[in-house]
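Residue strings, one per chain:
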Amino acid sequence: MKYVSTRGEAPSLDFAEVTLAGLASDGGLYVPESWPQFSAAEIAAMRGLPYAELAARVMEPFVGDCLTPQRLRELTAKAYGRFAHKAVTPLVQLDEQHWVLELFHGPTLAFKDVALQMLGLLFEEFLGREEGSLTIVGATSGDTGSAAIDAVAGLDNVEIFMLHPKGRVSDVQRRQMTTVRAPNVHNIAIDGSFDDAQAMVKRIFADKDVTAKHRIGAVNSINWARLMAQVVYYFAASLQLGGPERSLAFSVPTGNFGDVFAGHVAARMGLPIEQLIVATNVNDILHRALSEGDYSAGSVTPTSAPSMDIQVSSNFERLLFDVGGRDGLALAEQMRGFDTAKAMRLTNAQTKGAALFTSARADEGDTSQAMRWAYEQCGEMLDPHTAIGLHAARAAGIDPAIPVVTLATAHPAKFPDAVERATGIRPGLPARVGDLFAREESFVELPGTYEAVRDHIVGHAT
Ligand SMILES: Cc1ncc(COP(=O)(O)O)c(C=O)c1O
Ligand SMILES: N[C@@H](CCOP(=O)(O)O)C(=O)O
């Protein structure tokens, strides 16, 4: 399997190279040069498999010959062995039509663990082969940071610098990053938004003064391996609810468009998906793009779902590439226009090609109301991000005969204030996070300028 850049100019790479490269050298994102296909019979044969084996089957065509089938199975067994639920991503039914897919049973209580537990092992595997090292620079609006840190803390040949927007993540999220004591972990709080942090990460990949001395790696969903691992749970949910004979709709709380793009990949591979519902909070660039063709970024508004307080959605570029004719040079031109104007229109081909997607936006009242409904009517406590997904799922008007699965992207205890305001109940942290509030924090605060962040990273990277 070879990977190509969405901007058409970077060299094509194999799976190991793409995992270590993160962002493409032309500023684009890597995607497989073609989508692997499963027949209905092949999908049906996956029914009842343990999650780790299902993951190996779904990932195998993407990995190509970079891992033997046996080694891939050793890695998936190790990655998913750390989850607190035997099913790894269990489904919970809310009513006749709605289910939630709980993706928060990993070590840091969000869906990010599903991919990052695997990515940490892949880094070790591929770096070990060449005795290389990696300086990871990541941006987080709260969840990627802790999941990535958990996955790589203590590794000898990996160092991680994680940027979060100061004061804009929950206390639990911040502490899950800043209380990890390991010499290779560096937390940085910047003045600014997640979008500012993500822009700095992309800039550092293009900074020749830095890349001449350090091999920069990515843990954000710009790294293809993240998305590959997220495709698996769409298969897991479908197989439990009658797939491949029955088609499902998925509602996905969306920010950087990685999770829902993984659903698009599952559909491309042959999984019957009726609709992908892109659920946003008031930072609704994706809702406007999909409903009106208007992809224009404003400033970020802080909400009770801080991990989705994102306006510039990295993985939307992968969708535009895939549904708009896979013309890298034309997309590079379109993205350059967006970088300058912070706005662009989708082409007719892009809008038409994205027909599997629909979208909805939830304001703060809708989010609270969805948390309350799930708790009072169904006995399920949801976090605010999942509640946005549920609001969109119920608003989308899907045929009642089609099951709608909302991705539960975080544990409610990561956002206790918002959950308590909506339901009157304060969720407690599961025992696996330990004495989070007793541990000492360590992070530096930096101004929100690229130079300040770059100088800090260069000054502290070994
Ligand atoms: C809890 C939670 N829900 C939803 C999202 C949005 O996911 P994505 O960025 O893949 O669209 C995020 C952040 O990425 C998150 O942390
Ligand atoms: N919501 C994310 C933002 C980063 O997105 P990613 O999926 O590209 O890593 C977070 O919680 O950090």
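Just above, that's the structure.
All of these numbers come straight from a predicted model, not from anything done at the bench.

1. Topic: the overall build of the chain
Reasoning step 1: Of the regular secondary structure elements, the chain holds 19 helices and 15 strands.
Reasoning step 2: Referenced to the eigenvectors of the C-alpha coordinate spread, the extents of the chain come out at roughly 55 × 50 × 45 Å.
Reasoning step 3: Accessible surface, the chain: about 16600 Å² in total, of which carbon and sulfur atoms supply 48%.
Reasoning step 4: Positive and negative charge centroids in the chain, built from 40 and 55 side chains respectively, lie 1 Å apart.

2. Brief notes about the site of ligand 2
Reasoning step 1: Around ligand 2 sit 13 residues, and of these Thr140, Asp143, Thr144, Asn220 and Ser221 come closest.
Reasoning step 2: Considering only residue class, the shell around ligand 2 consists of 2 nonpolar, 8 polar and 3 charged.

3. Examining helix H13 (residues 316-323)
Reasoning step 1: Summarising burial for H13: 8 of the 8 residues are buried, a large majority.
Reasoning step 2: Within H13, burial applies to Phe316, Glu317, Arg318, Leu319, Leu320, Phe321, Asp322 and Val323.
Reasoning step 3: Just beyond H13, the residue with positive phi is Gly325, at close to 105°.

4. Some thoughts on the sheet that holds strand S10 (residues 273-280)
Paired through backbone hydrogen bonds, the strands of a sheet run either parallel or antiparallel to each other.
Reasoning step 1: On the basis of which strands lie adjacent, the open sheet formed by 6 strands has the order S3-S4-S14-S9-S10-S13 and mixed pairing. In this open sheet, the two edge strands, each paired with only one partner strand, are strand S3 (91-93) and strand S13 (357-361). Strand after strand, the sheet turns through a mean of 25° between neighbouring axes, direction not considered.
Reasoning step 2: Of the pairings in the sheet, the one linking strand S4 (residues 98-102) to strand S14 (residues 404-408) comprises 5 bridges and is parallel in character. When the sheet's bridge partners are listed, Val100 is paired in S14 with Thr406.

5. Details of the site of ligand 1
Reasoning step 1: Around ligand 1 sit 15 residues, and of these Lys112, Asp143, Gly255, Asn256 and Thr409 come closest.
Reasoning step 2: At 2.5 Å from an oxygen atom of ligand 1 is found a side-chain nitrogen or oxygen belonging to Lys112.
Reasoning step 3: Notes on ligand 1: free accessible area 380 Å², of which the protein chains cover 98%.
Reasoning step 4: Taken together, the residues that form the shell around ligand 1 break down as 5 nonpolar, 7 polar and 3 charged.

6. Looking at the environment of Ala341
Reasoning step 1: Take Ala341: it is sitting in helix H14 (residues 328-341).
Reasoning step 2: Linking Ala341 and Ala297, residues 44 residues apart in sequence, is a C-alpha distance of 9.2 Å.

7. Considering the environment of Lys78
Reasoning step 1: Among the secondary structure elements, Lys78 is positioned in helix H4 (residues 69-80).
Reasoning step 2: Taking the relative accessible area as the measure of exposure, Lys78 reaches 53% and is therefore exposed.
Reasoning step 3: Residues Lys78 and Gln117, 39 residues apart in the sequence, show an inter-C-alpha distance of 8.6 Å.

8. Overview of the side chain of Glu125
Reasoning step 1: Secondary-structure assignment places Glu125 in helix H5 (residues 112-130).
Reasoning step 2: On the basis of relative accessibility, which here comes to 15%, the residue Glu125 falls in the buried class.
Reasoning step 3: Not counting residues within four places of it along the chain, the set of residues in contact with Glu125 comprises Leu67, Arg71 and Leu75.

9. Some remarks on unusual backbone geometry
Reasoning step 1: With omega at 5°, the peptide bond leading from Gly243 into Pro244 counts as cis.
Reasoning step 2: Structurally, the position occupied by Pro244 is in the loop between helix H10 (224-240) and strand S9 (248-253).
Reasoning step 3: Not every positive phi belongs to a glycine, and Val88 is a case in point at roughly 65°.
Reasoning step 4: Structurally, Val88 can be placed in the loop between H4 and S3.
Reasoning step 5: The exposure class assigned to Val88 is buried, which follows from its relative accessible area of 3%.
Reasoning step 6: One non-glycine residue, Arg326, lies in positive phi territory at about 55°.
Reasoning step 7: By secondary structure assignment, the location of Arg326 is in the loop between H13 and H14.

Conventions adopted
Residues numbered from 1 in each chain as written. Chains lettered and ligands numbered in written order. Predicted model: local features only at pLDDT ≥ 70, side-chain atom pairs only at ≥ 80, totals over all residues. Heavy atoms only, no water. Helix = DSSP H or I, 4+ residues; strand = E, 2+ residues; numbered from the N terminus. Areas by Shrake-Rupley, 256 points an atom, 1.4 Å probe, with all protein chains shown as cover. Lys, Arg positive; Asp, Glu negative; His and termini not counted. Charge placed at Lys NZ, Arg CZ, Asp CG, Glu CD. Near = heavy atom within 4 Å. Nonpolar A, V, L, I, M, F, W, Y, C, P; charged D, E, K, R; others polar. Buried < 20%, exposed > 50% of the residue type's maximum accessible area, 1.4 Å probe, protein only. Pairing = 2+ DSSP bridges. Axes fitted to C-alpha atoms, helices over the stretch in contact; angles between N-to-C directions. Polar contact = N/O pair within 3.5 Å; in protein donor to acceptor, adjacent residues only side chain to side chain. Contact = heavy atoms within 4.5 Å.

Purely spatial values, then, with no claim about function.
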